[in-house]
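Okay, here's what each chain looks like letter by letter:
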Amino acid sequence: MADSRTAAAASAGATPLIRVEGLHKSFGDLEVLKGIDLTVLPGEVVTMIGASGSGKSTLLRCLNLLERPDRGQVWFRDQDLTADRCDVNALREHIGMVFQGFNLFNNMDVLDNCTLAPVTLKKMSKAEAEQVALGHLSSVGLEEFAHANVSRLSGGQKQRVAIARALCMNPEIMLFDEPTSALDPEIVGEVLEVMRGLADDGMTMVVVTHEMDFARTVSDRVVFMDQGVICEEGDPEKIFGAPEHERTREFLARYLED
Amino acid sequence: MNAFSRLRAFERADHRYVYLGTSAIAAVGLLVSQQNPTQLSVLARTGLFQDVLWAVLWAWIALSAAALVTKLMHWRDYTTASPFAATPGTPAAAWLRRGSLAVSCIALVFILDRVVLGTIALAQVSIASDANPTDFLSSLIYMTSRSGDLFLHGIGITIALATFGTIIAFFLALAMVFLRIQQFDLIDNDAVRFLKSIGRGFSKVYSTVVRGTPMMVQGALIFYAGFGVLRAFGLDITQANQIWSAFTAGLVTISLNSTAYMMEVLRGGIESIDPGQAEAARSLGLSQWQAMRKVVFPQGVKNAIPALTNELIINIKDSSVLSIIGVFDLMYATTTVSGMYYRQMEVYCVAMVVYLVLTLVAGRLLEAFGRKLGAEPAGELPSSN
């Protein structure tokens, strides 16, 4: 199914949704990204795997310019986000993001978390935004928590609310930055289930994850990063079945034996 | 209330120290009864009855002394060998407790008769007095009653300065901290970046200068500067005084001074907010300003509420330095009264007590106010600026 979707997108001659070229990023003396090229087609699910410190999260945060690259370009559709006069705020409305630490707004209840951006940016009425938000909350199974204080939710519930919050802006692509890394093992499943559902609905997704099973079964393409470069990329069967690169093999061997 | 119930628990407890504890109370009653009765004293008029009460107190002390002697003789087997030891739960213990209670009541009656009624009598005499009495308490009451209007006026000005100063400072501090935490955003052009640098620099310098100099000096500077400006515009002294009164200058000083401190408190509150909050807002497309206003500011201000409300208490105390420019606050009233009678100790004691009452009451009110806003209680009285 995953293959057919990629094939359909490719055959339609679809322009990439995200295109990254020659991306460099340093924090002080530490060069985190050393020239990254990456494209993400509409409808594609791309997972990024690699050891901690390999630059996956930094790359993901560069895609919506939460991290500003030192060199190189990031295109969203036909707009260069790194250009001088680019209205990044307007483009971010189309790029949803889910964080490792949930980052739900602590001064609001669940529903207000979801309606803040639509009401502020899309000029929706409060009632209309709530309607949309309740729809997304019920799709992640949390509509009865609409008026709950966010501090009362479990980690898994928080992350599902965070996904619903991002969906309320009706984004064209969703970025997931290690969405299950802060969760207890027994509740990782409920978040992955929601993400699986999103992928099945045809949402374009870029997922940084350590969940190898998710990467293998859900993604159309797996990107293995190592020391600031994309070491190897390809469909999951290839990466998990017959990795070309020595370092990919080492990484997977270490991960899969756990 | 708490201290009272603890005292009562001590009184009612069936322990052997009931002799010693109650005889301490009896001793206080005896000591108080030695004071000369005033004309309001009720007991003094009863004559024999007072002597009976007096004898009961002495009897208890004698009983305690006897108990103490047997305790010293039977150090190890006191509970079994001494006739004074009352086992808890026995009628003897109940009688002991009743006796203790009666003795305490008698001591209390003496205290009421001599101290409370005595003070009232003293106050009546002092207030009716033609000249300032020489002893401390009479003089204090005399001067406070004669200069009550001055004190009340001073208290009113102190409360007004602290309250309005704190409220004005809060809004100024909100504006200043907004300038202070500005950071360059990706989409900012050079003009915006320039303005942000200016704003940040200004608030930094403001905070450093204001917090690094005494409010007394700031007050004098602001007062005379404002006066000088009005004079430069061609107003004469009377006109200038009407517009730029000491109170106005004092209010401006306390507001501007408190702004710097509140700004730092707010900054601390805002910087304690997880940067992920702003990131999440930005990732949804909100601008820096929208993320600040809707997400970060409300949480930061809420965090800062306990420290912010402490500013009111600090201002109640610190407004006293504004008497240097002639603001008629409590301190100025106190100095004035002490100058009128040439008596210092008594008057400054009054000021001390009034300031303490003001800060304690303000602390209680602010704690309730903070709880209403969902903030954590602040705890101890804050230290001065």
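Residues numbered from 1 in each chain as written. Chains lettered and ligands numbered in written order. Predicted model: local features only at pLDDT ≥ 70, side-chain atom pairs only at ≥ 80, totals over all residues. Heavy atoms only, no water.

Novice: Honestly, the sheet that holds strand 7 (residues 173–177) of chain A in this entry has me stumped. Any pointers?
Specialist: Sheets are built from strands paired through backbone hydrogen bonds, the pairs being either parallel or antiparallel. Residue and element names in this part refer to chain A. Ordered in space as 6-7-8-3-9-10, the six strands form an open sheet in which the pairing is mixed. With partners counted over all chains shown, the strands left at the sheet margins are strand 6 (95–98) and strand 10 (229–234), one partner each. If you compare each strand with its neighbour and ignore which way they point, the axes differ by 20 degrees on average. Where strand 7 lies against strand 8 (residues 204–208), five bridges are found, and the strand directions are parallel. Bridging from a neighbouring strand, Asp 177 pairs with Val 208 of strand 8. Seen against the sheet, helix 2 (residues 56–63) touches strand 3 (45–49), strand 6, strand 7, strand 8 and strand 9 (221–226) and runs at an angle of roughly 150 degrees to strand 7. Contacts from helix 6 (residues 155–167) reach strand 6 and strand 7, with the element oriented near 170 degrees to strand 6. (Pairing = 2+ DSSP bridges. Helix = DSSP H or I, 4+ residues; strand = E, 2+ residues; numbered from the N terminus. Axes fitted to C-alpha atoms, helices over the stretch in contact; angles between N-to-C directions. Contact = heavy atoms within 4.5 Å.)

Novice: Even after reading the chapter, I still don't get the nonpolar core, so can you show me in this structure?
Specialist: Residue and element names in this part refer to chain A. Counting 45 residues, the largest nonpolar core has Ile 36 and Ile 173 as its most contacted members. Sequence-distant contacts of Ile 173, that is, excluding residues within four places in its chain, are made with Leu 17, Ile 18, Val 40, Phe 76, His 94, Ile 95, Gly 96, Met 203, Thr 204 and Val 206. Counting residues in each nonpolar core, the second largest holds 38 residues, with Cys 114, Ala 162, Met 174 and Leu 183 among its members. (Core = buried A, V, L, I, M, F, W, Y, C linked by side-chain atoms within 4.5 Å. Buried < 20%, exposed > 50% of the residue type's maximum accessible area, 1.4 Å probe, protein only.)

Novice: Sorry if this is basic, but what is going on with the packing of helix 9 (residues 190–211) of chain B against helix 12 (residues 246–271) of chain B here?
Specialist: Helices that pack against each other are described as a pair by the angle of their axes relative to one another and the distance between those axes. Residues and elements named next belong to chain B. Axis separation between helix 9 and helix 12 bottoms out at 9 Å; the angle between their running directions is 115 degrees. Helix 12 is crossed by helix 9, and the crossing has left-handed handedness. Of the residues in helix 12, those in contact with Ser 203, Tyr 206, Ser 207, Val 210 and Arg 211 of helix 9 are Leu 256, Asn 257, Thr 259, Ala 260, Tyr 261, Met 263 and Glu 264. Among the residues making up the contact of helix 9 with helix 12, the classes are represented as six nonpolar, four polar and two charged. (Left-handed = near helix turned anticlockwise from the far one by under 90°. Nonpolar A, V, L, I, M, F, W, Y, C, P; charged D, E, K, R; others polar.)

Novice: What is the right way to look at the confidence of the model for chain B in this model?
Specialist: For residues with low pLDDT, the predicted coordinates do not support detailed interpretation. Residues and elements named next belong to chain B. Confidence along chain B averages 87 in pLDDT terms, with 94% of residues attaining 70 or more. When mean pLDDT is compared element by element in chain B, helix 12 scores highest at 95, while helix 1 (residues 2–12) scores lowest at 71. Here the complex is predicted with pTM 0.78, and the ipTM for its interfaces comes to 0.90. (pLDDT = per-residue confidence, 0-100.)

Novice: Help me understand the sheet that holds strand 1 (residues 18–27) of chain A in this model?
Specialist: Residues and elements named next belong to chain A. Pairing is antiparallel in the open sheet, where four strands are placed in the order 2-1-4-5. A strand with exactly one partner marks an edge of an open sheet, and here the two such strands are strand 2 (30–40) and strand 5 (79–80). Note that strand 1 and strand 4 (residues 71–76) share five bridges and pair antiparallel. Note on strand 4: the bridge partner recorded for Glu 21 is Gln 73.

Novice: Whenever I open this one, the side chain of Ser 323 of chain B confuses me. Can you help?
Specialist: Residues and elements named next belong to chain B. With respect to the helices, strands and loops of the structure, Ser 323 is situated in the loop between helix 14 (288–318) and helix 15 (330–341). Overall, the relative accessible area of 19% leaves Ser 323 in the buried class. At 2.9 Å, the side chain of Ser 323 forms a polar contact with the backbone oxygen of Ser 320. If near-sequence neighbours (up to four positions away) are discounted, Ser 323 is found in contact with Asp 329, Met 331 and Tyr 332. (Polar contact = N/O pair within 3.5 Å; in protein donor to acceptor, adjacent residues only side chain to side chain.)

Novice: Even after reading the chapter, I still don't get the interface of chain A and chain B, so can you show me in this structure?
Specialist: Where the parts come together, the accessible area they lose is often given as the size of the interface. Between chain A and chain B, the residue contacts involve 28 residues of the former and 20 residues of the latter. Buried surface at the junction of chain A and chain B, both sides included, amounts to about 2100 Å², of which 58% is carbon and sulfur. Where chain A touches chain B, the interface holds one salt bridge. For Glu 279 of chain B, the salt bridge identified is with Arg 61 of chain A, shortest N-O distance 2.6 Å. Where chain A meets chain B, there are seven residue pairs in polar contact (both at pLDDT 80 or more). (Buried area = accessible area lost by both parts, 1.4 Å probe. Salt bridge = Lys/Arg side-chain N within 4 Å of Asp/Glu carboxyl O.)

Novice: Mind showing me how you'd approach the domain arrangement of chain B here?
Specialist: Looking at the assigned domains, one finds that chain B contains domain 1 (3–128) and domain 2 (148–372). Centre-to-centre separation of domain 1 of chain B and domain 2 of chain B, based on C-alpha positions: 53 Å. (Domains from an automatic or database assignment.)

Novice: Would you explain unusual backbone geometry in this entry?
Specialist: Most of the time, phi is negative for any residue but glycine, and the peptide bond is trans. All names here are of chain A. We note that Phe 102 has phi near 65 degrees; this positive angle belongs to a residue other than glycine. Its place among the elements puts Phe 102 in the loop between strand 6 and helix 4 (110–121). Owing to a relative accessible area of 12%, Phe 102 belongs among the buried residues under this scheme. Unlike most non-glycine residues, Gln 227 shows phi in positive territory, near 50 degrees. Among the secondary structure elements, Gln 227 is positioned in the loop between strand 9 and strand 10.

Novice: What exactly am I supposed to notice about the pairing of strand 9 of chain A here?
Specialist: Residues and elements named next belong to chain A. Most of strand 9 is tucked away, with six of its six residues classed as buried. Across the two faces of strand 9 the burial is the same, with Arg 221, Val 223 and Met 225 and Val 222, Phe 224 and Asp 226 all buried. Bridging between strand 3 and strand 9 involves four bridges; their strand directions are parallel. In the sheet register, Met 48 faces strand 9, and the bridge partner there is Val 223. Here strand 9 runs beside strand 10; their pairing, made up of five bridges, is antiparallel. Among the inter-strand pairings, Val 223 is bridged to a residue of strand 10, identified as Glu 233. Joining the antiparallel neighbours strand 9 and strand 10 is a turn of two residues, in which Gln 227 adopts a positive phi near 50 degrees.

Novice: What am I meant to see in the packing of aromatic side chains here?
Specialist: How two aromatic rings sit relative to each other is given by the distance of their centres and the angle of their planes. Here the structure, examined in full by the defined rule, presents nine aromatic pairs over all chains. Ring centres of Phe 170 of chain B and Phe 171 of chain B lie 5.3 Å apart, and the angle between their planes is 70 degrees; this geometry places the pair in the edge-to-face category. Exposure remark for Phe 170 of chain B: the relative accessible area of 22% places this residue in the partly exposed category. Overall, Phe 171 of chain B belongs to the exposed group, its relative accessible area being 53%. Where Phe 328 of chain B meets Tyr 332 of chain B, the ring centres are 5.1 Å apart and the plane angle is 55 degrees; that geometry is what we call tilted. On the basis of relative accessibility, which here comes to 31%, the residue Tyr 332 of chain B falls in the partly exposed class. Over the ring of Trp 75 of chain A we find Arg 19 of chain A, and its NZ or CZ is 4.4 Å from the ring centre. (Phe/Tyr/Trp six-rings, centres within 6.5 Å; stacked < 30°, edge-to-face > 60°. Lys NZ or Arg CZ within 6 Å of the ring centre and 35° of its normal.)

Novice: Would you mind going over a nonpolar patch on the surface with me for this structure?
Specialist: Side chains of Phe 164, Ile 167, Ile 168, Phe 171, Leu 172 and Leu 256 of chain B sit close together on the surface and give an oily, nonpolar patch of about 530 Å² of accessible area. For the nonpolar patch, the element with the most residues is helix 8 (residues 148–180) of chain B, which contributes five residues. (Patch = residues over 30% accessible without salt bridge, like charges linked within 9 Å, V, L, I, M, F, W, Y side chains within 5 Å. Areas by Shrake-Rupley, 256 points an atom, 1.4 Å probe, with all protein chains shown as cover.)

Novice: Explain the packing of helix 10 (residues 215–232) of chain B against helix 12 of chain B to me, please; I cannot follow it from the model alone.
Specialist: Residues and elements named next belong to chain B. Between helix 10 and helix 12, whose axes approach to 9 Å, the crossing angle comes to 130 degrees. On the basis of their axis angle, the class for helix 10 and helix 12 is oblique. As for the relative orientation of helix 10 and helix 12, their crossing is right-handed in sense. Counting all contacts with helix 10, which are made through Met 215, Gln 218, Gly 219, Ile 222 and Phe 223, the residues of helix 12 involved are Ala 246, Ala 249, Val 252, Thr 253, Ile 254, Leu 256 and Asn 257. Considered class by class, the residues forming the contact of helix 10 with helix 12 number eight nonpolar, four polar and no charged. (Parallel < 35°, antiparallel > 145°, perpendicular 65-115°, else oblique.)

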